[in-house]
Amino acid sequence: MTETHTYDVAIEWTGNLGSGTDSYRSFSRAHEVLATGKTPIAASSDPAFRGDPARWNPEELLVASVAQCHMLWYLHLCAVGGVTVVDYEDRAHGVMTMDASGGGGQITEVMLRPEVTVADASMTDKARALHDEVHSVCFIARSVNFPIRHEPLIRVQ
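This section reports on the structure supplied with the text. (Residues numbered from 1 in each chain as written. Predicted model: local features only at pLDDT ≥ 70, side-chain atom pairs only at ≥ 80, totals over all residues. Heavy atoms only, no water.)

## As for the packing of helix H1 (residues 58-81) against helix H2 (residues 124-134)
Put simply, the rule reads: Axis definition: a line fit to C-alpha positions, over the contact stretch in the case of helices; interaxial angles, taken between N-to-C directions, run 0 to 180 degrees. Each helix is a run of H or I in the DSSP string that is no shorter than four residues. Each strand is a run of E no shorter than two, and both are numbered from the N terminus. By definition in this entry, angles of less than 35 degrees are roughly parallel, angles greater than 145 are roughly antiparallel, angles of 65 to 115 are roughly perpendicular, and the rest are oblique. It is the rotation of the near helix from the far one that decides the hand of a crossing: anticlockwise by less than a right angle makes it left-handed, clockwise makes it right-handed. Residue contacts are counted whenever heavy atoms from the two residues lie within 4.5 Å of one another. Ten residue types, Ala, Val, Leu, Ile, Met, Phe, Trp, Tyr, Cys and Pro, are classed as nonpolar, four, Asp, Glu, Lys and Arg, as charged, and the remainder, Gly among them, as polar.
At a closest axis distance of 9 Å, the pairing of H1 and H2 adopts a crossing angle of 130°. Between H1 and H2, the crossing angle belongs to the class labelled oblique. Crossing geometry of H1 relative to H2 is assigned as right-handed. Facing His 70, Trp 73, Tyr 74, Leu 77, Cys 78 and Gly 81 of H1, the residues of H2 in contact are Lys 126, Ala 127, Leu 130, His 131, Glu 133 and Val 134. Looking at the contact of H1 with H2 residue by residue, the class counts come to seven nonpolar, three polar and two charged.

Structure follows, in structure tokens:
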């Protein structure tokens, strides 16, 4: 039997400024991303689409999901592969390309730039190589239709 996992979230629009959506400029794109037992995420649309720059937007959350999944699988592969990671940071970068009509677009690539610190110099080659294995197991990477590249930097503690 196939195993499945489910994920339930709620979105609540908080951007009715009094007249609803009676025009494109009459409402805020503010909303909250909610899940039982978790702190709400204050979200909006990208500022380019009349969103609030102080709130997370869906494009940022997608790029963050890619980076999180990569990191979590990478740490797993290191743990079972004998690589001791003592620090990990990533500066992920996503690109959205608009279609010719300007009415829509899509994420066309994500670049991950993980900076990994390992416990011993003998681990650096394997630490670098394990990044290549992540895409075959990361749920998010396997679910999207755009390329995910990575440029890891490996340091020794």
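## Looking at the pattern of salt bridges
Defined as follows: Any Lys or Arg side-chain nitrogen located within 4 Å of an Asp or Glu carboxyl oxygen qualifies as a salt bridge. Burial status follows relative accessibility: with a 1.4 Å probe on protein chains alone, a residue under 20% of its type maximum counts as buried, one over 50% as exposed, and anything between as partly exposed.
Following the criterion strictly, the structure yields five salt bridges and no others. In this structure, Glu 109 engages Arg 149 in a salt bridge whose closest nitrogen and oxygen atoms are separated by 2.4 Å. Placement of the pair is Glu 109 in strand E6 (residues 105-112) and Arg 149 in strand E8 (residues 148-150), with a sequence separation of 40 residues. When its relative accessible area of 22% is taken as the criterion, Glu 109 is described as partly exposed. With a relative accessible area of 41%, Arg 149 lands in the partly exposed category.

## With respect to the side chain of Thr 124
Convention followed: What qualifies as a polar contact is a pair of N or O atoms within 3.5 Å, subject to a donor-acceptor requirement within protein and to the restriction that residues adjacent in sequence count only when both atoms come from side chains.
Take Thr 124: it is sitting in helix H2. Among the polar contacts listed, one links the side chain of Thr 124 to the backbone oxygen of Ala 121, at a separation of 3.1 Å. Setting aside anything within four residues of it in sequence, one finds Thr 124 in contact with Val 118, Ile 154 and Val 156.

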